[in-house]
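Secondary and tertiary structure notes
Chain residues, written in single-letter form:
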Number of protein chains: 2
Amino acid sequence: MNEFEIIDRYFAVDSGKRKDVLKGIGDDCALLKVPRGQRLAVSMDTLISGVHFLPETNAADVAHKAVAVNLSDLSAAGAEPAWITLSMTLPEYNEDWLESFHIGLKRIVNFFGVQVVGGDTCRGPLSITIQAHGFVPETVFHTRSGAQPGQLICVTGPIGDAALGLKVAQNELQVPPNVASQLLKKYFTPYPKIAAGIALRGRASAVIDISDGLLADVFHISESSNVGALLRWDKIPLSAAAQTIDDKILLKKAVLSGGDDYELCFTVNEDDLEATRHALETVGNECIPIGRLTGKSGVKILDNKQEMTFDELGYTHF
Amino acid sequence: MNEFEIIDRYFAVDSGKRKDVLKGIGDDCALLKVPRGQRLAVSMDTLISGVHFLPETNAADVAHKAVAVNLSDLSAAGAEPAWITLSMTLPEYNEDWLESFHIGLKRIVNFFGVQVVGGDTCRGPLSITIQAHGFVPETVFHTRSGAQPGQLICVTGPIGDAALGLKVAQNELQVPPNVASQLLKKYFTPYPKIAAGIALRGRASAVIDISDGLLADVFHISESSNVGALLRWDKIPLSAAAQTIDDKILLKKAVLSGGDDYELCFTVNEDDLEATRHALETVGNECIPIGRLTGKSGVKILDNKQEMTFDELGYTHF
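Everything quoted here is computed from the prediction, not taken from an experiment.

Each value, and the rule that gives it
Residues numbered from 1 in each chain as written. Chains lettered and ligands numbered in written order. Predicted model: local features only at pLDDT ≥ 70, side-chain atom pairs only at ≥ 80, totals over all residues. Heavy atoms only, no water. Phe/Tyr/Trp six-rings, centres within 6.5 Å; stacked < 30°, edge-to-face > 60°. Buried < 20%, exposed > 50% of the residue type's maximum accessible area, 1.4 Å probe, protein only. UniProt positions renumbered as here; feature names shortened; annotations may be inferred. Helix = DSSP H or I, 4+ residues; strand = E, 2+ residues; numbered from the N terminus. Contact = heavy atoms within 4.5 Å. Buried area = accessible area lost by both parts, 1.4 Å probe. Salt bridge = Lys/Arg side-chain N within 4 Å of Asp/Glu carboxyl O. Polar contact = N/O pair within 3.5 Å; in protein donor to acceptor, adjacent residues only side chain to side chain. Pairing = 2+ DSSP bridges.

Let's talk about the packing of aromatic side chains
Applying the stated criterion to the full structure yields 14 aromatic pairs over all chains. A ring pair is formed by Tyr187(B) and Phe188(B), whose centres lie 4.9 Å apart and whose planes are at 70 degrees; its orientation type is edge-to-face. Since its relative accessible area comes to 4%, Tyr187(B) is described here as buried. Note on Phe188(B): relative accessible area 18%, which makes it buried. Within the aromatic cluster, the residues linked to one another by ring pairs are Phe11(A), Trp97(A) and Phe101(A).

Notes on the UniProt feature "binding site: substrate" (unreviewed entry) in chain A
Residue and element names in this part refer to chain A. As recorded in UniProt, the feature "binding site: substrate" (unreviewed entry) lies at His 52, Asp 260 and Tyr 315. Of note, Asp 260 is situated in the loop between α9 (248-257) and β10 (264-268). For Asp 260, a relative accessible area of 17% corresponds to the buried category. Excluding residues within four positions of it along the chain, Asp 260 makes contact with Lys 65, Ala 162, Lys 186, Tyr 187, Ile 210 and Ser 211.

Concerning the interface of chain A and chain B
Interface size is commonly expressed as the accessible area that is lost once the parts come together. Contact residues are listed per partner, giving 65 residues for chain A and 67 residues for chain B. Of the roughly 5200 Å² buried at the junction of chain A and chain B (both faces included), carbon and sulfur atoms supply 62%. Along the contact surface separating chain A from chain B lie four salt bridges. Asp28(A) is the partner of Arg144(B) in a salt bridge, and the nearest nitrogen-oxygen pair spans 3.0 Å. Linking chain A to chain B there are 18 residue pairs in polar contact (both at pLDDT 80 or more). It is strand β3 (residues 38-48) of chain A that contributes the most residues to the side of chain A that touches chain B, nine residues altogether. Relative to strand β3 (residues 38-48) of chain B, strand β2 (residues 30-32) of chain A runs antiparallel, the two being bridged by three bridges. Across the sheet, the residue bridging to Leu31(A) is Ala41(B), located in β3(B).

Laid out in structure tokens, this is it:
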């Protein structure tokens, strides 16, 4: 099989013929139509085997995660996903692996109604680069930089499960099977908060998806908006599964620095909290205040009125 | 330096503040405006060290080529380039290498007036994935699939120099310094035929950029358009440098299967040849007929009325 056949057979996933795709996979370029009155939001992320996912991860989950992390960036921008392009380097032609990848890709692409419009493949160490494209109305402008002192910092759901799931997958955390299953699911197949991102249009002053870790991502907002942040440990929502973890140091690290949760973290005026909560609940998400923005720079977190200290603020690659 | 600082310092290249970039590098998504009446053309290509470029290639040339091959896909679609996103995996943080990459990136991005609007970087074997974005008027629709029997097959300039340049770079071809310099330049720093692609709007029935090799790319048109092609070896334009090559077998392989030339190959009605030639010459390109489309499938090439045989039809990765 040559590269063109691989792209055609395994990547050309069409979620019911989007009318805005004038030309998809199979030519030098895809040709696409952005609806009038909408802006184009784009984001590109690379996942490398052994860095962003465990080498033994099944291929369907690799496909899921590669798409999910990119759609998650769109959710932070309040965008409605439309198209993805996919470039993959593969160590070898492995039909079973590619078939499984195809199944995972098709499932998530269909779930979100997006279409794969371009692809590239070549031989090399396993990695996947995806660019996601979505639409944002002209009037919406979510960024990380609009946060103001006094506003509340909120999240859309429980934090830390993905990082705990990674520990379970690596046999570094022993938990009962039902807990393991929940944590592993959050780590391997996260669902980006697209509906929440859209619900936050016109409400949130700053939005980010929690990919690097809660503290690191709050720090990104704080730095971009030139404000400080004071978080309360006891306010951060934990799932029922996370609450069963006895090792509290490991739990705190997972929640604060673990990353990979793909919940949204956003800032909102206190006066708008109830309306925002209602908008989020309407689409099945929570709206949980975990702290407040301050005029002083830096991110602090209080546990029982004591400031917590941490040696890492999330994961960076260099 | 962390990944965000690398992106900020080395990739955030802005060719004079494009007004259609509402939000560039530094947030979860870039936010972009496609002009009214224009379609979006996108293409993504990955370049891997040791596969798509020689590991010892200087970083400025790596940047140039990574951008060039992607803009070349846009040229085939008749698109006007606007933005690129760039994901790089790096084996280590090497300031000199990144500084050189930055210089090469800045030069080509400024030359074509495009802006880097998004980036990602992480640690791993050296590879670069770029997605190029351009605009195509609603009325233009270049593809590979519009070619009709009887039409002429043309190219925009000499073929084979890049493949010969690769042989020189690998010390597999000995030529005088002035010849070497011309061939190496075509291999390391090709300039995509953007103006030619735009000039072909409304004239060419099918267009492709010559990246895989002349025969392979004519075959792509032939297959997509469901037509055959008959090429004439003596009509294929060779540069003055290529004409000095004594080894005619090596020369033929370079010209027919070498790839990496990034000239355009297109098909056009014979009646439209002169107008097309004029349009291309106006923007400094040639219009050289090298064969004709036929009703029979497959690609054939005649050398002195004899059909040539070849064991490879261009390079594929699997």
